Amino acid sequence: MGLGLYLHVPFCKARCSFCAFYLQIYREDRTRSFLNSLRHEIDLHVTLNSLNRRPLHTVYFGGGTPTTLSSNELSSVLEQIRHLFELQEHAEVTLEAHPNTVTEDGLRSLVHAGFNRISFGVQSMDAAELVRIGRRTPPHAAGIAVEAARSAGFVNINLDLIYGLPGQTMESWRSTLEETIDLQPTHLSCYALTLEEGTKLQRDHREGHGDEPDASATRSRTTVGPGTPADTISFTGAAKNTLG
Ligand code: SF4
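Criteria and cut-off values
- Chains are numbered independently. Their residues run from 1 in the order of the written sequence.
- The predicted nature of this model means local features are confined to residues of pLDDT at least 70 and side-chain atom pairs, given and counted, to a pLDDT of 80 or more, with totals for whole chains, interfaces and linings taken over all residues.
- Between N-to-C directions, angles cover 0 to 180 degrees, with each direction set by a line fitted to C-alpha atoms, over the stretch in contact for helices.
- Under the DSSP-based scheme used, a helix requires at least four consecutive residues in state H or I and a strand at least two consecutive residues in state E, with every element numbered from the N terminus.
- Here the word oblique covers every angle except those under 35 degrees (roughly parallel), over 145 (roughly antiparallel) and from 65 to 115 (roughly perpendicular).
- We call two residues in contact whenever the C-beta atoms placed from their backbones are within 7 Å.
- For the exposure call, what matters is how many other C-beta atoms sit within 10 Å of a residue's own: 20 or more marks it buried, 12 or fewer exposed, and in between partly exposed, using C-beta atoms placed from the backbone.

Draft legend 1. Fine view of the packing of helix H2 (residues 71–84) against helix H3 (residues 104–113). Remark: H2 packs on H3, axes separated minimally by 9 Å, with the N-to-C direction vectors making an angle of 5 degrees. Here H3 runs roughly parallel to H2, going by the angle between their axes. Together, Ser71, Leu74, Ser75, Leu78 and Glu79 of H2 and Gly106, Ser109, Leu110 and Ala113 of H3 make up the contact between the two elements.

Draft legend 2. Representation of unusual backbone geometry within the structure. With an omega dihedral of 20 degrees, the bond running from Gly63 to Gly64 counts as a cis peptide bond. Of note in this structure, His90 is not a glycine but carries a positive phi near 65 degrees. Summarising the element assignment, His90 is placed in strand E5 (residues 87–97).

Draft legend 3. Region of the structure containing the packing of helix H1 (residues 28–48) against H2. Look at H1 against H2: their axes get within 11 Å of each other, and the N-to-C directions meet at 10 degrees. Of the possible angle classes, the one that applies to H1 and H2 is roughly parallel. Where H1 approaches H2, its residues Leu35, Leu38, Arg39, Ile42 and Val46 are matched on the opposing element by Glu73, Val77, Gln80, Ile81 and Leu84.

Draft legend 4. The environment of His98, seen in detail. Tracing the backbone through its elements, the reader meets His98 in the loop between E5 and H3. In this structure His98 comes out as buried when scored by C-beta crowding, with 26 C-beta atoms within 10 Å. C-alpha separation for the pair His98 and Thr137, spaced 39 residues apart in sequence, amounts to 9.1 Å.

Below, the structure written as structure tokens:
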């Protein structure tokens, strides 16, 4: 049976206010030493034969925001993996991305390198909600990024959303869902916000500064049914461990 390989890229341009994941703010000198260590660790797994010669059926670059690294850097890591390990035919090779860290040319070279699935952290299509969670990206950036990915050759595109955001209403959540579905992703993942210890959002909430979500927006899984252009919509009551 094939194995899944996960690589964690712990850099982001800024920290979102709900995010408690381990990460470092992107700096070029940090990425250089990280990449050296990552390449060294991949070599070590070959030396130790820790995969026991089993082929890979998925490779997943998550974070953090893997696309803070350049396309060349990401491609060279994938090339090393392809060179040293066996990938099954039609292996799924995923890259997590933040919409404002991609260009069509960069994405094209990533497709050329062998990435065949991309997952964008969209989170919301509402400008005020994005500001409240510390995302500096305007809502239309998601559409631009999806279009660029499609033009570059990505067919398999996942989009992540979060529900239960501060100040979110049923109406704004519905609009976010509709606008995201209009982008025709192959998969849409919807995560419930959790207030994680140590985050700005949790501090604001504790001090009474945060906006509460409309309670009905947190029960919204009943509002989406089959027949949408996205192939699959997944809801989960827990925040996932990586959101780009
Ligand atoms: S949610 Fe994603 S982009 Fe935001 S800080 Fe966390 S890992 Fe980085």
